[in-house]
Structures are given as C-alpha cells and as structure tokens.
Amino acid sequence: MDVVAFIFPLLSLKPEVVQFIIKCMDEIDIVTFSLISRGTKNLVESIGFTATKITIYVQGGLLLSLKFRTKTIDFDLVEWNDEWREGIDDQYDMTVADVVSVEPDDVPEMVDYEMPNFELKDWIGHLMFIFHIRFIDYFDFELSDCRFTFDSISREFNRNSVKHLIIPSTGNQFYRQQLIDYFQAPRITIPSNDFPERHLFHRVLIQNHDFVCIYDGGNFTLNDLMITNSKAIRIYDGQTMMKTINRFIKLWQPGSNLRLECLVIYLNEVWLPQDLFKSITYTEMNDEIEVESDKREEYGLFDSNVRRGGYAIWGLRGIQARFFFHDNRIEMFIRF
Amino acid sequence: MSVENAPVVDVDEAAIPVEKKMYYRFESNDKKEFRVSELAIQQSETLNRLVEAMGYTSEDVENKPAIAIENIDGKTLKLVFQWCEHHKGEAIPVDDGSVPKIVEIPEFDAKLMDIDNGLLFKLIWAADYLNIVQLLNVSCKKVANMAQGKTPAQLRRVYLLPSDEEDEAAKRAAQEAQDPRAREVEEEFEERKRQGGNSFF
C-alpha cells in the first residue's frame, strides 16, 4: 500500500470527532498522543479523562504509578544508578531518565519514551495536567533505599503537591525529618516506634494533619493520642492500648480532641466492649450508619462504608461516638 | 441513474417482516442512487428525521426524485448504507460518558472498513454528518487503533499533526492574513523606534 495511505489527517475532522477518537484510544496511547506537541497535550486535557490515583514510589529509582478505572500504568522516571547497587552510600541528585520506560499492566511490552527536553518536573506536571490531577495522592518513600539528595527532591516536587506522605520505619532520621518538614501533606503515615526522640514525633502529631496513620503503634501513649489534632487517626499494632483508649474516651467525653471524626485501631487481641467501656455509660445500638463516601478515603477505610449496630457513647453537647468491633479492629466514628 | 437501475444494498429478505417494506431512494453528490430499507435508515438519526418529516408514501418514493445527499459521494454512501442494512434493527448505543471508550469492532465492520485512509476519513465524516452513532464509534475506534505501539514522532506523522513550531508559524500567518494593516502598523512602529522617534503620531 502507498505510504500516503497510512496517513490520516486527524485534525481535518470536527473537533468533537477528534476528541471522540482520542477517547477511543488506550490509556498509554493517550499519553503518547499528548506528548506530540502542546496542541495535542491541550486536546487530551480537553477530553476530561481523569486518573483515579497517582502514587510516587521513591526507592532506588522513582516510579510514578497512574491508576485508571481498569488499569495501572507505571512510569520509571528516574534511572536506577548502577553504583547504588554496589553499595555506595553517597546521595545523588534526582535526574530524569534519558529513556522513560512505561509499563502498562495489561500489555506485555514496555513502552519507551525519549523526550530530550523534558525534566522530571515536566513529566510529572504533564501527566497531572492531562489527567486532571491536582495532587499526588501518595508519596511513598523507602528511606533505607532512597539515595536522592533532599535538595533534588525539594527542587522537583512542590511542597504542597502531595496529599499523603508515607514515611517508612527505617532510614536516616535527619533526612526523614527534612522530608516531613518540607512536604505540607494533609495526610501522613509514620512509624511510632522509630522516633527515639519523642519530641520529634510529637512535632509531627500536632501539625493538624487531616489523617494520621501510625504503624508500629505499640508504644503509642495517651499523651500521643491527646496531642494528635487530626480528623482521622489510624493505628496499627496497638498492643497495649485498651487502658489508653478507655482513658482517652473519658477525656474525649468532656471535650478533648474536638476535631476527631474517626479513630481506627488494629490490635493483636480481641477486645470486649465491657472492658473498653469500663466506668463509661454506653448503649448497644441496632440501627445502621453510613460513612459518607468522600470521607472513606480520608479515614483510610477500605471496606464497606455502612456500619450496623455498634455501641454508642455521648460526649460534649450530646455528640455521639459510635464504636464498632471487628475481630482485631476497633472503629470509633463521631457523628456530628 | 434511473430508478430501475439503482442498486439495492445487501438486503436480507428473510430478516424482514411480512408487512410491506418501504425502500427510500437516496442520491449521492456524484449522482449515484441507492435504495435503502426503512429499518436501515433508522440507524441514521439525520436521515430518519428527514424521511419522517417528508412523510413519503410508497408511491411517493417511486414517483418523486431521489433524496439528494449533497455532501457525500457514491463510494462513501455505498459503505454507509451497506453498514446500515447489516445493522438494521439494532439498538443505537447511548454514550455513557466513560473514557476510554470500550468499542468492539465486529468482523463485518472490520471488513467493511478495510479501506484506504482517505475513504475511511470520508466514512467518518459521513457517519458524523448522518449521525450514525455506532458507525461513528467503530470507525473512530479504527483510527484510534492506529496509535497502538507508536512513538510520539511516528504518531505525528500518521495523524499529520503539526509540531509546536509549525503551530506557531501557522498562527502567526493566520493573524497576518486576518489583519495585514496591523502588521504594517507594527513594522512602521518598529522602523520609527529604530530611527529614535518617541512619538508614533
């Protein structure tokens, strides 16, 4: 067939038809199309296609994961430096890969992009623009593995661009503190046991994050809980906390932690209501409450948003707190 | 072309109900005439409304001139009506707003669209003009599939897309063409500035 026969004059069609053709493309082809020029980038943006979640994993390299309704596409934006693998500890500036490899989860082959004029910031900005993303949903650090200089991270990422910062339990304390101080994320996941200097841990808790997720929460104290001025708190591995929570409820009733809407604790043992509510008046309920869908993610709830029954206690000005017990998990929802 | 010689497009007699069928006659811009069943016409919202508004009887269809479709040539219209006859009676899909669109291309449609890109372009144009939703869906999907496995540079060539520089040059040219006097004034202003004049007027 003649070479000309392979050419299709796309822009000679009506704009609505062009938009429809783009909508018919696979996600990865939409990305490719958007990289052709500023015009195609704006065209893709105009179709209103949105990604459901964007996560950045910082390990030896930097992986940007875009989640769509039915598939996920991973972008290897920063090359893995061979010297890292050889155990050299020096930190490196984060620089964009010459060839960005992309791995859609439904296609066996990788797709490679060579965009010589694109910096890391340009890649992230481009993807966020075309898929209508305002914030990076999760910024997940593997600190023990992360070799990027803090300066290069702060250069490439806006401090207000991250919604949920995830800090793991191992790694350089100073570096970790730099990251926590830099990113103004409304949600944060941090380890409790890994803060030898308790005042640094408290400095994080009092930041009025909307959501604080604590793991390794075995040594999480009543004091820690009282100063966590967040809407939602989630604690994993809360080993010796029953007495703590009982005392917390007694303090919540007259008016502490006024911002709190949801507290979820994962335990290593099964608790009974009569133990938890020792010296507290409570009522067993039989109705159904529904957690608003927009709150589910904020509260870190992964299962159904409908809760049935539970136990009610009352706090300041008649505000009700409802407790639900599921195997090793206790949930406290405060109904306004 | 006379009424007797007009081609009848792929009519499956067995699938047609016992009641008397009505065939409308259409004429392309290169004077080719087609006879298309009433049921097939329902796939096209534009034509369906047109024939409803005309209120033709069977006699009118035979005696009055064929309905002219002036924007579409015979080759394209033949494909359009073949498609409509094959898919007659099928439900017209409703856009659910999802992206990316999940569109399957049936075997018949794939064979029908095994054509060069020039004709495919005309087919899409015709499907859009005649508002044949499912034909537009499958033909657009075929064009969308051309992007598979291509790099941005390859895709730019396939879809004949301008680069940023070409875009800007075209924009400048369009501006100049729209208002040549503005360009002259600008040049005059630049010239005066070079000569050291403070005031333009």
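Residues numbered from 1 in each chain as written. Chains lettered and ligands numbered in written order. Predicted model: local features only at pLDDT ≥ 70, side-chain atom pairs only at ≥ 80, totals over all residues. Heavy atoms only, no water.

## With respect to the UniProt feature "domain: F-box" (unreviewed entry) in chain A
Within the UniProt annotation, "domain: F-box" (unreviewed entry) is assigned to residues 7–54 of chain A. This span, residues 7–54 of chain A, is 56% helix and 4% strand, and a straight line between its end C-alpha atoms measures 34 Å. (UniProt positions renumbered as here; feature names shortened; annotations may be inferred. Helix = DSSP H or I, 4+ residues; strand = E, 2+ residues; numbered from the N terminus.)

## A few points about the packing of helix α4 (residues 74–86) of chain B against helix α6 (residues 117–129) of chain B
Residues and elements named next belong to chain B. Two numbers describe how α4 lies on α6: the axes approach to 9 Å, and their chain directions differ by 60 degrees. Where α4 crosses over α6, the two elements pack in a sense that is right-handed. Counted together, Lys75, Thr76, Leu79 and Val80 of α4 and Leu119, Lys122, Leu123 and Ala126 of α6 form the full contact between these two elements. For the contact of α4 with α6, the class distribution of residues is five nonpolar, one polar and two charged. (Axes fitted to C-alpha atoms, helices over the stretch in contact; angles between N-to-C directions. Left-handed = near helix turned anticlockwise from the far one by under 90°. Contact = heavy atoms within 4.5 Å. Nonpolar A, V, L, I, M, F, W, Y, C, P; charged D, E, K, R; others polar.)

## Here's the deal with the packing of aromatic side chains
All names here are of chain A. Applying the stated rule across the entire model yields 27 aromatic pairs over all chains. Look at Tyr113 and Trp123: their rings are 5.8 Å apart centre to centre, the planes differ by 50 degrees, and that puts the pair in the tilted class. Of this pair, Tyr113 sits in strand β5 (residues 111–113) while Trp123 sits in helix α5 (residues 120–130); the two residues are 10 residues apart in sequence, bridging distant segments of the chain. The class of Trp123 is buried, set by a relative accessible area of 1%. A ring pair is formed by Phe139 and Phe157, whose centres lie 4.8 Å apart and whose planes are at 80 degrees; its orientation type is edge-to-face. Of this pair, Phe139 sits in strand β6 (residues 136–141) while Phe157 sits in the loop between α6 (150–156) and β7 (162–166), and the two are 18 residues apart along the sequence. For the residue pair Phe139 and Phe157, the accessibility class agrees, reading buried in each case. Linked through ring pairs, Phe139, Phe141, Phe150, Phe157, Tyr182 and Phe183 together constitute an aromatic cluster. Its end group placed over the ring of Phe129, Lys41 keeps NZ or CZ at 5.0 Å from the ring centre. Directly above the aromatic system of Phe195 lies the positively charged group of Arg176, at a separation of 4.1 Å from the ring centroid. (Phe/Tyr/Trp six-rings, centres within 6.5 Å; stacked < 30°, edge-to-face > 60°. Buried < 20%, exposed > 50% of the residue type's maximum accessible area, 1.4 Å probe, protein only. Lys NZ or Arg CZ within 6 Å of the ring centre and 35° of its normal.)

## Quick word on the UniProt feature "domain: SKP1 component POZ" (unreviewed entry) in chain B
In the numbering adopted here, UniProt assigns the feature "domain: SKP1 component POZ" (unreviewed entry) to residues 26–88 of chain B. End C-alpha atoms of residues 26–88 of chain B are separated by 17 Å, and the span's content is 52% helix alongside 14% strand.

## What about the sheet that holds strand β1 (residues 23–27) of chain B?
Residue and element names in this part refer to chain B. Reading across the sheet, the three strands line up as β2-β1-β3 and stay open at both edges, with mixed pairing between neighbours. Taken across any chain shown, the strands that pair with only one partner, and hence form the sheet edges, are β2 (33–37) and β3 (67–68). Pairing geometry for β1 and β3, over two bridges, is parallel. The residue of β3 that forms the bridge with Phe26 is Ile67. (Pairing = 2+ DSSP bridges.)

## Focus on the UniProt feature "domain: SKP1 component dimerisation" (unreviewed entry) in chain B
According to UniProt, the positions carrying the feature "domain: SKP1 component dimerisation" (unreviewed entry) are residues 134–178 of chain B. Along residues 134–178 of chain B one finds 76% helix and 0% strand; the C-alpha atoms at either end are 39 Å apart.

## Here we look at the interface of chain A and chain B
Contacts between the two partners involve 31 residues from chain A, matched on the other side by 36 residues from chain B. Between chain A and chain B, a total of about 3,100 Å² is buried, with carbon and sulfur atoms accounting for 69% of that surface. Considering only the surface of chain A that becomes buried against chain B, Phe8, Phe20 and Ile36 of chain A emerge as the three largest contributors, covering 21% of it. Summed over the shared surface of chain A and chain B, the result is three salt bridges. Between Glu168 of chain B and Arg38 of chain A there is a salt bridge whose closest N-O contact spans 2.4 Å. Put simply, chain A and chain B have nine residue pairs in polar contact (both at pLDDT 80 or more) between them. For the side of chain A that touches chain B, the secondary structure elements donating two or more residues are α1 (15–24), α2 (27–34) and α3 (38–46) of chain A. (Buried area = accessible area lost by both parts, 1.4 Å probe. Salt bridge = Lys/Arg side-chain N within 4 Å of Asp/Glu carboxyl O. Polar contact = N/O pair within 3.5 Å; in protein donor to acceptor, adjacent residues only side chain to side chain.)

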